[in-house]
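Listed below, chain by chain, are the residues.
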Amino acid sequence: MNVTMRDIAQKAGVSRATVSYILNNKPISSRIPDETRENILRISKELNYRPNQIAISLTQNKTRTIGVVFANALGTFMNEIIDGIDRVVHRHDYNLFLCISDDDWQKEARYVRMLRERRVDGMIVFLVSCRKDEKANHSHLLKVKKDGIPLVFIDRYLPDTDIDYVVTDDFAGSYEAVSHLIKLGHRKIGHITGPIDCTSVQNRLAGYKKALIDADIEIEERYIRTRDSIEDGVAYEITKDLLLMDDRITAIFAVNDGVAIEAFQAIKESGLSVPEDIALVGFGNSIESALIEVPLTVIAQPKSEIGGKAAEILIEKIEQPETAKIQQIAIKPNLKIRASCGREKLITTAT
């Protein structure tokens, strides 16, 4: 049997309105005697009362649900961000509705429309990474913002907009990775990057170039290779091509761990060794990065922290829309030194 507030009111000998004031913790409840309050709470517990969430949603115009749209399901990267989001969401008594867009902006747009139809209180969106032959249309997200629905981006963002975001400080991480290679004596450093329309990719490329400039090393565009496709095997082929150059590189900074692992396979199958012939640095700190034959030196992204902070910002915007300010936050990652660069004994910050 579904227990209602009317049932509690009849047993407590009070009005339904009084029960509503107490159970919904409305300001007027402070005027109700403590004895009455305790009696209502005791009876509701005895009867195993459960609030009607649909009725509450209609009354408060809130569903206590947050929509999350992820570009892809890349193992531990997504899991750690979701864990961070879920930790905060659970603490504030919200629910999650998770969608995966498979790096397809049209699917992303469809999910955003669906979440709006389900009247979620706000959204966290991990933007798609567009393929070379596809340019994302972000009008569906700009409309979310225009219509006053709280929205926070994670990992990637739309430049020149007043939409909240929480990302890795990709520039700082990339700068530190390349500077680490330079300190180890490398001057011919290749960079396998990704779809250049992504802000994370742009900022990692900028950090790579700035580290070279600050070390008075000329930027060689032929050492920079764009991975337009996100399909497996592309980074492998790019690495093979880099290794065939007459003026061969001695190190590679990869845009993410998956690219670095493909590069490692290509180096190994070319008869070369990591780190003796080619040093290698990844970005992300996936579980796989520590488990390959020569564990990768990586820039470790603060994934759980990013998810948690994004959820905090979103809930603040949901619950305090009049006072919440735009927050655009880049959290600095950490260099995690492993075996793939060699000569770590020269670096005093090795861990």
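Here the structure is a predicted model, which is why all the values come from computation and not from measurement.

(A) Structural context of the overall build of the protein chain. Helices and strands together make up the secondary structure of the protein chain, namely 13 helices and 12 strands. For the protein chain, long-range pairs separated by at least 24 residues make up 71% of all intrachain contacts whose partners lie at least 6 apart in sequence. Carbon and sulfur atoms provide 48% of the accessible area of the protein chain, an area that totals close to 17600 Å².

(B) Region of the structure containing the confidence of the model for the protein chain. Summing up the model confidence of the protein chain, the mean pLDDT is 88 and the portion of residues at 70 or higher is 89%. In this model residues 344-351 is a low-confidence stretch, pLDDT under 50, and it forms 12 contacts with partners more than four residues away in sequence or in other chains.

(C) Spatial organisation of the nonpolar core. Ranked by size, the top nonpolar core spans 48 residues in total, and within it Val 178, Leu 181, Ile 189, Tyr 208, Ile 252, Phe 253 and Leu 280 carry the most contacts. Elements with a minimum of two residues in this core: α8 (170-183), β6 (189-193), α9 (199-214), α10 (234-243), β8 (251-254), α11 (257-269), β9 (279-284) and β10 (297-300). No other element matches α11, which puts 6 residues into this core. Beyond its immediate stretch of four places on either side in the chain, Ile 252 contacts Leu 181, Gly 190, Ile 192, Thr 239, Ala 263, Ile 267, Ile 278, Ala 279, Leu 280 and Val 281. Ile 85, Ile 154, Ile 313 and Ile 315 belong to the second largest nonpolar core, which has 25 residues in total.

(D) Inspection of helix α2 (residues 16-23) at higher detail. Turning to α2, its buried residues number three or more, namely Thr 18, Val 19, Ser 20 and Ile 22. Asn 25, located one to two residues past α2, shows a positive phi value of around 50°.

(E) Representation of the side chain of Ser 286 within the structure. By the secondary structure assignment, Ser 286 is in the loop between β9 and α12 (287-291). Exposure remark for Ser 286: the relative accessible area of 16% places this residue in the buried category. Contacts of Ser 286, omitting those with residues within four sequence positions, involve Thr 76 and Asp 257.

(F) The arrangement of the packing of α8 against α9 in detail. Where α8 contacts α9, the two axes come as close as 7 Å, and the packing angle between them is 40°. Classified by the interaxial angle, the pair formed by α8 and α9 is oblique. In this structure, the crossing between α8 and α9 has a hand that is right-handed. Where α8 abuts α9, its residues Asp 170, Phe 171, Ser 174, Tyr 175, Val 178, Ser 179 and Ile 182 lie against Ser 200, Asn 203, Arg 204, Ala 206, Gly 207, Tyr 208, Lys 210, Ala 211, Leu 212 and Asp 214. Grouping the constituent residues of the contact of α8 with α9 by class yields 8 nonpolar, 5 polar and 4 charged.

(G) Representation of the packing of α2 against helix α3 (residues 34-46) in the model. One can describe the packing of α2 onto α3 by two numbers: an axis separation of 10 Å at closest approach and a directional angle of 85°. What the angle tells us is that α2 and α3 run roughly perpendicular. Contacts from Thr 18, Val 19, Ile 22 and Leu 23 in α2 reach Thr 36, Arg 37, Ile 40, Leu 41 and Ser 44 in α3. Looking at the contact of α2 with α3 residue by residue, the class counts come to 5 nonpolar, 3 polar and 1 charged.

(H) Inspection of the pairing of β9 at higher detail. Of all 6 residues in β9, 6 are buried, a share of seventy percent or more. Judged from the 3 bridges that link them, β8 and β9 form a sheet pairing that is parallel. Each residue of the ladder has a partner; that of Phe 253, found in β9, is Val 281. Handedness of the crossover joining β8 and β9 through α11: right-handed. Here β9 runs beside β10; their pairing, made up of 4 bridges, is parallel. Among the inter-strand pairings, Phe 283 is bridged to a residue of β10, identified as Ile 299.

(I) Focus on the pattern of salt bridges. Tallying each qualifying case throughout the model produces 21 salt bridges. For Lys 303, the salt bridge goes to Glu 80, with nearest N and O atoms at 4.0 Å. With Lys 303 in helix α13 (residues 303-319) and Glu 80 in helix α5 (residues 75-91), this residue pair connects regions lying 223 residues apart in the sequence. On the basis of relative accessible area, Glu 80 is assigned to the partly exposed category, the value being 30%. Its salt-bridge partner being Lys 107, residue Asp 102 comes within 2.7 Å of it at the nearest N-O pair. A single network of salt bridges, built from pairs that share partners, joins Lys 188, Glu 220, Arg 222 and Asp 247.

(J) Summary view of the sheet that holds β6. Judged by pairing direction, the sheet is mixed, and its 6 strands sit side by side in the order β7-β6-β8-β9-β10-β12 without closing on themselves. For this open sheet the edge positions go to β7 (224-226) and β12 (334-336), each flanked by a neighbour on one side alone. In this sheet, neighbouring strand axes are inclined to one another by 20° on average, regardless of whether the strands run parallel or antiparallel. Against the sheet, α9 engages β6, β7, β8 and β9, with an angle of about 170° to β6.

The rules we used
Residues numbered from 1 in each chain as written. Predicted model: local features only at pLDDT ≥ 70, side-chain atom pairs only at ≥ 80, totals over all residues. Heavy atoms only, no water. Helix = DSSP H or I, 4+ residues; strand = E, 2+ residues; numbered from the N terminus. Contact = heavy atoms within 4.5 Å. Areas by Shrake-Rupley, 256 points an atom, 1.4 Å probe, with all protein chains shown as cover. pLDDT = per-residue confidence, 0-100. Core = buried A, V, L, I, M, F, W, Y, C linked by side-chain atoms within 4.5 Å. Buried < 20%, exposed > 50% of the residue type's maximum accessible area, 1.4 Å probe, protein only. Axes fitted to C-alpha atoms, helices over the stretch in contact; angles between N-to-C directions. Parallel < 35°, antiparallel > 145°, perpendicular 65-115°, else oblique. Left-handed = near helix turned anticlockwise from the far one by under 90°. Nonpolar A, V, L, I, M, F, W, Y, C, P; charged D, E, K, R; others polar. Pairing = 2+ DSSP bridges. Right-handed = clockwise from strand over helix to strand, strands pointing away. Salt bridge = Lys/Arg side-chain N within 4 Å of Asp/Glu carboxyl O.

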